[in-house]
Amino acid sequence: MLRSIHATSANAIEDLSDSSTERGSEDEDHNSVFENEERRQCKTQHPPSSNKETSGAVSRNPPSGELNLDSSTDLVQDLCKESKEDRIEQKTHAGDVVNWGTTEENVQPAPGTQTSNNRAPNGKQADDNDPNGRFKDNRDLIGKTSKINNNKDQSTLAWSRYKFCPLQLAEWCLRGISQVILVNNPLSGALILAALLLESPWQALLGMLGLLTSTFTAVMLGQDSKEVSSGLYGFNGMLVGLLMGVFSSAGEWYWWLLLPVCLGGATTTFMWSGLAPILDRWDLPVSVYPFNIVILLYLACTGTSNPYFPNYPALPQGAPEITNHTQLHVSQLLQGAVLGVGQIFACQTIGPSLLILVAVLLFSPILAVHSLLGVVIGTLAGLSVSVQVGSLYSGLAGFNGALGSMTVVTFFILSWRTHLLSIASAFLSSYFDFAVGNLLGFVGLPSTSWAATLTGTLMLLLTGKNLSEYRIPRGQVTSPEKNFQSGIKWAKANTNVDYV
């Protein structure tokens with residue numbers, strides 16, 4: 001029954017082919033090529049029962065103006081009323097279920113359909129595994145989807161490799177600790193964490209909690225994986241936790257303080273995400289703007305008499321002291337130079353401050369020297385305006401100068417010009433700190449590191465030709481030593497520049 005239907009359809013197709021091939025010599029030559037090919041394909045895939053079954057094969061993509069035989073093929077398929085198993089088998093062979101690893105001999109077309117080695121019924125190029133071209137659209141869709149998947153943000157792919165690795169999370173946290181002092185080194189972060197534990201385990205706990213909260217918030221927001229893995233989203237949250245513990249008058253191990261630390265750490269990530277697109281226009285780092293904003297808002301909201309989160313008031317550095325000091329102790333001033341580096345992490349003892357200085361030295365000796373130089377310059381600036389002697393001895397008068405100097409040598413290639421610029425930045429940061437501290441001190445708020453942050457931003461915005469050529473793009477900043485080596489290589493290619 002099926003063979004007779006198949007033969008009848010072939011005769012009908014042959015008649016249509018004869019009428020279509022009479023339109024011109026060029027069309028006849030064009031069709032004859034496809035006919036020969038299809039006869040060969042049909043002989044290999046469908047052993048004919050008569051000569052008419054193969055002689056009626058025609059091109060499935062006829063020239064313009066010819067009849068399209070898809071409708072006649074569909075009509076023949078509708079006439080094939082077979083059992084349920086046969087219909088399922090026909091659908092399987094027609095392409096509903098296809099194994100792309102099968103060969104042409106294993107995949108047979110459904111009865112009533114004809115194959116073409118050149119063109120498919122829809123006009124698309126056929127291949128060995130898909131002689132009818134029925135699955136070309138599906139493969140095109142799969143190919144487009146693969147391209148879209150390959151063009152996805154690389155940060156999304158990075159999370160699949162790193163987000164469940166505890167060791168990787170530990171590295172992020174250690175890098176976040178070291179990023180406070182412009183260092184990107186997990187070993188330096190481990191030394192700083194040891195210094196914080198030595199100073200106060202309670203403050204170290206608060207700092208780590210703020211760091212973890214801000215980092216996890218960045219992961220949940222889908223921030224750039226490279227920035228998160230470098231610790232850039234963690235150090236602001238850590239500083240918030242440390243300063244909340246330092247200014248809290250409720251004493252250590254006051255567990256209610258964990259709540260504002262977590263909220264403050266998460267808020268720094270939102271602020272970073274909002275400030276980054278704005279500052280990127282001028283190639284500026286976000287720095288510690290989120291920390292300064294959050295801690296100032298927290299202390300202003302809670303105040304000194306809050307029943308749940310009481311805080312110590314911050315006094316102006318220029319306020320008169322009870323006792324008058326007629327002379328200075330040089331040994332305490334020298335100690336204050338080391339304590340100034342530790343005050344960046346709110347450390348007030350010499351042991352943890354030395355560990356922090358060693359952590360900076362491990363990453364970059366140039367950065368360590370300029371940190372001490374900045375503290376000394378801040379101390380000299382404090383002496384020039386007669387700040388409290390206690391601020392000089394504790395290092396509070398010099399830590400903003402250290403940050404100002406370190407910012408310049410980090411974002412500029414080291415030379416005698418940028419070295420002088422770092423000294424100027426340290427002086428300006430120190431005087432700015434005294435002014436802001438006196439203003440905010442009258443309302444009981446600390447100046448934190450606003451002075452160094454604003455001064456560093458101002459220095460990075462300088463447009464002078466003799467300084468701008470030393471400026472390093474934010475995404476290419478490494479250690480001062482590596483930046484200096486890059487500057488030497490660039491100077492050799494540009495003989496009009498001398499990095500000395």
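Here the structure is a predicted model, which means the values were calculated and not measured. (Residues numbered from 1 in each chain as written. Predicted model: local features only at pLDDT ≥ 70, side-chain atom pairs only at ≥ 80, totals over all residues. Heavy atoms only, no water.)

1. With respect to the packing of aromatic side chains
1) Next: In this structure the tally under the stated criterion is eight aromatic pairs.
2) Next: Residues Trp202 and Trp255 carry aromatic rings whose centres are separated by 5.5 Å and whose planes lie at 85 degrees to one another, so their mutual orientation is edge-to-face. Of the two residues, Trp202 sits in helix H10 (residues 201-221) while Trp255 sits in the loop between helix H12 (235-247) and helix H13 (258-279), which places them 53 residues apart along the sequence.
3) Next: Given a relative accessible area of 1%, Trp202 falls into the buried group.
4) Next: Ring pairs connect the aromatic residues Trp202, Trp253 and Trp255, which therefore count as one cluster. (Phe/Tyr/Trp six-rings, centres within 6.5 Å; stacked < 30°, edge-to-face > 60°. Helix = DSSP H or I, 4+ residues; strand = E, 2+ residues; numbered from the N terminus. Buried < 20%, exposed > 50% of the residue type's maximum accessible area, 1.4 Å probe, protein only.)

2. Considering the pattern of salt bridges
1) Next: All chains considered together, the criterion is met by three salt bridges.
2) Next: Here Asp280 ties to Arg474 by a salt bridge, and the two come within 2.7 Å at their closest N and O atoms. In this pair, Asp280 is assigned in the loop between H13 and helix H14 (289-302) and Arg474 in the loop between helix H22 (465-468) and helix H23 (480-493), connecting sequence segments 194 residues apart.
3) Next: What makes Asp280 partly exposed here is its relative accessible area of 39%.
4) Next: Ionic pairing is found between Asp283 and Arg471, a salt bridge with its closest N-O pair at 3.8 Å. Of the two residues, Asp283 is situated in the loop between H13 and H14 and Arg471 in the loop between H22 and H23; the sequence distance between them amounts to 188 residues.
5) Next: Exposure remark for Asp283: the relative accessible area of 28% places this residue in the partly exposed category. (Salt bridge = Lys/Arg side-chain N within 4 Å of Asp/Glu carboxyl O.)

3. What to know about the nonpolar core
1) Next: Ranked by size, the top nonpolar core spans 78 residues in total, and within it Ile177, Ile181, Leu257, Phe345 and Ile356 carry the most contacts.
2) Next: Top contributing element to this core by residue count: H12, with eight residues.
3) Next: Beyond its immediate sequence surroundings of up to four residues, Ile177 is in contact with Gly189, Ile192, Leu193, Met208, Leu211, Met238 and Phe345.
4) Next: Counting eight residues, the second-largest nonpolar core is a separate cluster that includes Val389, Leu392, Tyr393 and Ala397. (Core = buried A, V, L, I, M, F, W, Y, C linked by side-chain atoms within 4.5 Å. Contact = heavy atoms within 4.5 Å.)

4. Observations regarding the side chain of Ser422
1) Next: Summarising the element assignment, Ser422 is placed in helix H20 (residues 416-441).
2) Next: Residue Ser422 is classed as buried on the basis of its relative accessible area, which comes to 0%.
3) Next: Reaching out from Ser422, the side chain makes a polar contact with the backbone oxygen of His419 at a distance of 2.5 Å.
4) Next: Apart from residues no more than four positions distant in its own chain, Ser422 is found in contact with His370, Ser405, Val408 and Val409. (Polar contact = N/O pair within 3.5 Å; in protein donor to acceptor, adjacent residues only side chain to side chain.)

5. Notes on a nonpolar patch on the surface
1) Next: A surface patch of nonpolar side chains, amounting to about 310 Å² of accessible area, comprises Leu328, Val376, Leu380 and Leu383.
2) Next: Within the element layout of this structure, Val376 appears in helix H17 (residues 365-384). (Patch = residues over 30% accessible without salt bridge, like charges linked within 9 Å, V, L, I, M, F, W, Y side chains within 5 Å. Areas by Shrake-Rupley, 256 points an atom, 1.4 Å probe, with all protein chains shown as cover.)

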